Amino acid sequence: MMARGLARFLVSLLLVAICNAASVSQPISDSHRSAALDVFVPLDGSYKSLEEAYEALRSLEILGIDKKSDLSSGTCENVVKVLGSPSSALKDVFYALSVNGILKCKSGDDVPKDVVSKLQAGAKDAKLLLDFYYSIRGLVLVKEQFSGTDLTLGDAEAIFRSVKALSQSDGRWRYSSNNAESSTFAAGLAFETLAGVISLAPSEIDQSLIQTVKTGILKLFDSLRKYDDGTFYFDGSEGPISTTASVIRGLTSFAASESTGLNLPGDKIVGLAKFFLGVGIPGDAKDFFNQIDALASLEDNRFSVPLILSLPSTVISLTKKEPLKVKVSTVLGSKAPALGVKLAQALNSKGSSVINNQELKFDADSATYFLDSFPKNFDVGKYTFVFEILLDESANEKAYITEAQTKVPIAATGAISIENAEIAVLDSDVGSVESQKKLDLTKDGGVSLSANHLQKLRLSFQLTTPLGLVFKPHQAFLKLKHESQVEHIFLVKTSGKKAELVLDFLGLVEKLYYLSGKYEIQLTIGDASMENSLLSNIGHIELDLPERPEKAPLPPLQPTDPYSRYGPKAEISHIFRIPEKLPAKQLSLIFLGLIVLPFIAFLIGLTRLGVNIKSFPSSVGAATSALLFHGGIGAVLLLYVLFWLKLDLFTTLKALSLLGVFLLFVGHRTLSNLAAASNKLKSA
Amino acid sequence: MVKSTSKDAQDLFRSLHSAYSATPTNLKIIDLYVVFAVFTALIQVAYMALVGSFPFNSFLSGVLSCVGTAVLAVCLRIQVNKENKEFKHKTVVTNLRGIVAMFVIAV
């Protein structure tokens, strides 16, 4: 709901934007067709509902895009299921039949009899407008699609009257007799229903009834709304596009069903056509369908077929001398009948007409009308061309209708000549020229001037149109750019015959931020009608300005070059801790040897002193424990050596604790043996 | 006078040597151990003087362990010496085994 509301808002915004311009409508083109592929062809090949499927397939059919082979399988399954099941709602049956009409899933003699009886019962028992609509239109579709059925409505006139009873005096219709709410959308549905009743009726329906409907239609046209650019539409709670489309559908089917003809005001029909063409390319599937369906109804109807005048290009180039082309076609882009196009007036921006009543020539190959000769006084600028279409009324079968006058904004462009361009430095009060240079603005000149703050700079040139009139451009700027990238822009004003700019440096000193130095001079002249707009670097001027006082504002910081900010930075060289100077390896090894020497001397001294191990116990038990004890001590010393060489503290401590416990036991045994031995000696 | 001083030195040295030989073997072993430890410490100090004190930790641990064990051995010698009468009442344990056990634990 949110999306639809948003889409409606956007559409109305678009329409408001259009209504202020004298815009040209374009008929449906290939851009519509490619957009339709995006909007209507689902990604997975299946549609969410039969209503959506019908809208998509009908739009693709009108636009001439053949996608039936891709889409038919899944949708046809759905259609067959709905038509086969006895419990389907009237709405589903209606849409299933509509889709079937396009895809032709079931056709020929295979008449779904229960569907027919359901629709007939629905028509008889209906009380609501929608029920009437679905059942009657469903029966019409069955009659079209399946041959060999003899469908007639039992009591056509009674049904006609009961539908008619829902109408209101202002032309709108109610959805049901209980609910007082009425809408124009419902009017469209009612017209379609009544058309169906008329076509299915076994005998003629009373003409007076039909006449009342026709008066009702004309009453409905009183509620037609209008935009400033000449488009008409019907508004309602469903939105302008849906409501207007519904009314147009109803009117075309009503006009087609009955024989006496329907007279509708032609300009309003053209206005309705322009409304739909002015929508552009809708993004919403429902709006797209309504637009295309309404235009298809307008293309081929019994009252009047609108013709649209469009221009592929609204710019006339006086230098290229190409003709102005005009196309006339129906709303869907099909060929128009033989007619003549006349340029009634070409109004320039002052309001006077420079071309009057010029017939356009017709080129049969491209089916366009063109104007190739322009009068001598056709100058550059903006014009409004007023076209009229002359129809040959008698030769046509259908009644065609066009706008009385189509107003088109046209821009004429040409080459503007630049003359007497010169730049000068003037002395201030006296006004005498110190240095003056002629400029050739087509080349980048190497003009080099110098000035101080007491002087003035004067730039002047003349612009003339191809016809020799004075031309005032939209844009004429002079830019002074300092070496430090600070820029200043000044406007060159046109007065009288020439464009002139005088820069008084005395007054501009503060604006220039007191920056002395070399300034680049750049001149820009541009306009929509000017084909040779230019940007030229005239040259340089050396400005000598006084020193900046303290209070004066600083020039603004210029943005740094992004590449320097985000470019690679200087390489970082890391400084590591210089490793300590170690002594030479040989020296360390010599001292290792020297350390060992005292140990050897100690051992030699011990043997010299007569150290012995005589009191080593001899008995087996004591000997083993003593051996183990000494062995354990030796193991601990070995562990220390290993710790020094490669083990870490934790493994060492673990091993040490184990060895320690072992040594405790063994040592205790050895000592107790020794104590026992010495006690024995003492006692002995 | 030089001759007499050198003769005095020789006499002094000879008397010391003879007195020293009278000490019991135990004490001589302990003395030898002390000399060995001190020499090891001196060699380490000489190495440090040569190559600088990096790494200082190693130098300290080496020297101080040697000096420490020398000091403990000297304490043992004092306590074990039978002729050292004034020390008798100062020991925690009076018998030889206890003294040796204390030494071992200290080391």
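Since the model is a prediction, treat every value here as computed from it, not as a measurement. (Residues numbered from 1 in each chain as written. Chains lettered and ligands numbered in written order. Predicted model: local features only at pLDDT ≥ 70, side-chain atom pairs only at ≥ 80, totals over all residues. Heavy atoms only, no water.)

Caption draft 1: Summary view of the overall build of chain A. When helices and strands are tallied, chain A shows 18 helices and 24 strands. By residue count, 42% of the 684 residues in chain A fall in the buried class. Of all intrachain contacts in chain A linking residues separated by at least 6 positions in sequence, the fraction that spans at least 24 positions is 69%. Of the roughly 37,600 Å² of accessible surface on chain A, a fraction of 57% belongs to carbon and sulfur atoms. (Helix = DSSP H or I, 4+ residues; strand = E, 2+ residues; numbered from the N terminus. Buried < 20%, exposed > 50% of the residue type's maximum accessible area, 1.4 Å probe, protein only. Contact = heavy atoms within 4.5 Å. Areas by Shrake-Rupley, 256 points an atom, 1.4 Å probe, with all protein chains shown as cover.)

Caption draft 2: Structural detail: the overall build of chain B. The helix and strand tally for chain B stands at four helices and zero strands. A total of 107 residues make up chain B; the buried ones form 24% of that total. Of the contacts made within chain B by residues no fewer than 6 positions apart, 56% connect residues no fewer than 24 positions apart. Counting only carbon and sulfur atoms, one obtains 70% of the accessible surface of chain B, whose full area is about 7,700 Å².

Caption draft 3: Layout of the interface of chain A and chain B. Taken residue by residue, the interface counts 16 residues in chain A and 16 residues in chain B. The contact between chain A and chain B buries some 1,500 Å² in all, and 87% of this surface belongs to carbon and sulfur atoms. Interface area lost by chain A to chain B is led by Phe 591, Phe 602 and Leu 609 of chain A, which between them contribute 37%. Inspection of the region where chain A meets chain B yields zero salt bridges. (Buried area = accessible area lost by both parts, 1.4 Å probe. Salt bridge = Lys/Arg side-chain N within 4 Å of Asp/Glu carboxyl O.)

Caption draft 4: Region of the structure containing the pairing of strand β5 (residues 305-310) of chain A. Residues and elements named next belong to chain A. The buried fraction of β5 amounts to six of the six residues, a majority that puts the element mostly inside the structure. Going residue by residue along β5, you find Val 305, Leu 307 and Leu 309 tucked away on one face and Pro 306, Ile 308 and Ser 310 tucked away on the opposite face as well. Alignment of β5 against strand β7 (residues 324-330), held across four bridges, turns out to be antiparallel. Residue Ile 308 lies in a different strand from β7, and its bridge partner there is Ser 329. (Pairing = 2+ DSSP bridges.)

Caption draft 5: The arrangement of the packing of helix α8 (residues 156-164) of chain A against helix α9 (residues 184-200) of chain A in detail. Residue and element names in this part refer to chain A. Contact geometry for α8 and α9: axes closest at 10 Å, N-to-C directions at 170 degrees. When the axis of α8 is compared with that of α9, the two are roughly antiparallel. Contacts between α8 and α9 involve Ala 156, Ile 159, Phe 160 and Val 163 from the first element and Thr 193, Leu 194, Val 197 and Ile 198 from the second. Of the residues belonging to the contact of α8 with α9, the class tally is seven nonpolar, one polar and no charged. (Axes fitted to C-alpha atoms, helices over the stretch in contact; angles between N-to-C directions. Parallel < 35°, antiparallel > 145°, perpendicular 65-115°, else oblique. Nonpolar A, V, L, I, M, F, W, Y, C, P; charged D, E, K, R; others polar.)

Caption draft 6: Seen up close, the UniProt feature "transmembrane region" (unreviewed entry) in chain B. All names here are of chain B. In this numbering, the UniProt entry assigns the feature "transmembrane region" (unreviewed entry) to residues 30-50 and 56-80. For residues 30-50, the end-to-end C-alpha separation is 31 Å, with 100% helix and 0% strand making up the annotated structure. Structurally, residues 56-80 comprises 100% helix and 0% strand, and the distance from its first C-alpha atom to its last is 36 Å. (UniProt positions renumbered as here; feature names shortened; annotations may be inferred.)

Caption draft 7: Fine view of the packing of aromatic side chains. Taken as a whole and assessed by the stated rule, the structure comprises 26 aromatic pairs over all chains. Ring centres 4.7 Å apart and planes at 40 degrees place the aromatic pair Phe 362 of chain A and Tyr 369 of chain A in the tilted group. (Phe/Tyr/Trp six-rings, centres within 6.5 Å; stacked < 30°, edge-to-face > 60°.)

Caption draft 8: Main features of the layout of surface pockets. Residues and elements named next belong to chain A. There is about 1,300 Å³ of room inside the second largest pocket. Tyr 54, Tyr 133, Glu 192, Arg 249 and Asp 293 are the residues nearest the centre of the second largest pocket, which is lined by 48 residues in total. Among the secondary structure elements, those contributing two or more residues to the lining of the second largest pocket are α1 (2-19), α3 (50-63), α5 (90-103), α7 (129-145), α9, α11 (240-257) and α13 (285-299). With nine residues, α7 is the largest single contributor of residues to the lining of the second largest pocket. For the lining of the second largest pocket, the residue count by class is 17 nonpolar, 14 polar and 17 charged. (1 Å grid on protein atoms, 1.4 Å probe; cavity = no way out; pocket = protein on both sides within 12 Å on 5 of 7 lines; lining within 4 Å. Points joined across faces, edges and corners; volume = space filled by probe spheres on them.)

Caption draft 9: Spotlight on the pattern of salt bridges. Residue and element names in this part refer to chain A. For the coordinates displayed, the defined rule picks out 20 salt bridges over all chains. The shortest N-O distance in the salt bridge between Arg 33 and Asp 30 comes to 3.3 Å. Here the residue Arg 33 and the residue Asp 30 both occupy positions in helix α2 (residues 30-40), the gap between them amounting to three residues, near one helical turn. Among the residues examined, Asp 30 registers a relative accessible area of 57% and is labelled exposed.

Caption draft 10: Focus on the confidence of the model for chain B. Residues and elements named next belong to chain B. Of all residues in chain B, 87% attain a pLDDT of 70 or more, and the chain-wide mean is 80. Model confidence for chain B, summarised as mean pLDDT per element, is weakest for helix α4 (residues 96-106) at 76 and strongest for helix α3 (residues 56-80) at 89. For this predicted complex, the interface confidence reaches an ipTM of 0.78, while the overall pTM sits at 0.61. (pLDDT = per-residue confidence, 0-100.)

Caption draft 11: Inspection of a nonpolar patch on the surface at higher detail. Where nonpolar side chains cluster on the molecular surface, the patch consists of Ile 590, Leu 594, Val 596, Leu 597, Ile 600 and Ile 604 of chain A and spans about 500 Å² of accessible area. Looking at the element boundaries, Leu 597 of chain A is found in helix α16 (residues 585-609). (Patch = residues over 30% accessible without salt bridge, like charges linked within 9 Å, V, L, I, M, F, W, Y side chains within 5 Å.)

Caption draft 12: Just the sheet that holds strand β23 (residues 517-526) of chain A, in detail. Residues and elements named next belong to chain A. The sheet built from five strands is open, its strands ordered β17-β24-β23-β19-β20 with mixed pairing. Each having just a single partner strand, β17 (447-452) and β20 (487-491) make up the two edges of the open sheet. Geometrically, the sheet is characterised by an average inter-axis angle of 25 degrees between neighbouring strands, direction not taken into account. As paired strands, strand β19 (residues 475-482) and β20 are joined by five bridges and run antiparallel to one another. Within β20, the residue paired with Lys 481 across the bridge is Glu 487.

Caption draft 13: Quick look at empty space enclosed by the protein. Residue and element names in this part refer to chain A. The full count for this structure, using the stated rule, is three cavities of 30 Å³ or more. Taken as a whole, the second largest cavity encloses approximately 70 Å³ of empty space. If you trace the second largest cavity, you find it lined by Val 24, Ser 25, Val 270, Lys 274, Leu 307, Ile 308, Leu 309, Ile 389, Thr 402, Glu 403 and Thr 406. Contributing elements (two or more residues each) for the lining of the second largest cavity: α12 (266-278) and β5. Ranked by the residues each element gives to the lining of the second largest cavity, the list is headed by β5, at three residues. Taken together, the residues of the lining of the second largest cavity break down into six nonpolar, three polar and two charged.

Caption draft 14: Summary view of helix α17 (residues 620-645) of chain A. Residues and elements named next belong to chain A. Counted at 1.5 Å a residue, the expected span for α17 with its 26 residues is 38 Å, and the 36 Å between its end C-alpha atoms agrees. Buried residues of α17: Ala 622, Ala 623, Ser 625, Ala 626, Gly 632, Val 636 and Leu 639, and no others. Contacts made by the buried residues of α17 are with α18 (649-683). (Expected span 1.5 Å × (residues − 1).)

Caption draft 15: Inspection of the nonpolar core at higher detail. Residue and element names in this part refer to chain A. Counting residues in hydrophobic clusters, the biggest one holds 101 residues, and the most contacted among them are Leu 153, Phe 160, Trp 173, Ile 217, Leu 251 and Phe 254. Apart from the residues within four sequence positions on either side, Ile 217 is in contact with Phe 191, Leu 251, Phe 254, Leu 262 and Leu 264. Leu 439, Leu 457, Leu 534 and Ile 541 belong to the second largest nonpolar core, which has 69 residues in total. (Core = buried A, V, L, I, M, F, W, Y, C linked by side-chain atoms within 4.5 Å.)

Caption draft 16: Region of interest: the sheet that holds strand β12 (residues 381-391) of chain A. All names here are of chain A. In space, the five strands of this open sheet follow the order β6-β14-β12-β8-β9, with mixed pairing throughout. Both edges of this open sheet fall to β6 (315-317) and β9 (353-359), since each of them pairs with a single strand only. With strand direction ignored, the average angle separating the axes of adjacent strands in the sheet is 25 degrees. Strand direction decides the pairing type here: strand β8 (residues 339-348) and β9, joined by five bridges, are antiparallel. Paired with Lys 342 across the strands is Glu 359, a residue of β9.

Caption draft 17: Representation of α8 of chain A. Residues and elements named next belong to chain A. Listed in full, the buried residues belonging to α8 are Ala 156, Ile 159, Phe 160, Val 163 and Lys 164. Each buried residue of α8 sits inside an arc of 135 degrees when the element is viewed along its axis, so together they form one side. Along its buried surface, α8 packs onto α6 (113-125), α7, β1 (173-174), α9 and α10 (207-220). (Arc of directions from axis to C-beta.)

Caption draft 18: A look at the packing of α10 of chain A against α11 of chain A. All names here are of chain A. Between α10 and α11, the least distance of the axes is 13 Å, while the angle of their chain directions is 150 degrees. Classified by the angle between their axes, α10 and α11 sit roughly antiparallel to one another. As α10 packs across α11, the resulting crossing turns out to be left-handed. Here Ile 210, Val 213, Lys 214, Ile 217 and Leu 220 of α10 lie close against α11, whose contacting residues are Val 247, Leu 251 and Phe 254. Looking at the contact of α10 with α11 residue by residue, the class counts come to seven nonpolar, no polar and one charged. (Left-handed = near helix turned anticlockwise from the far one by under 90°.)

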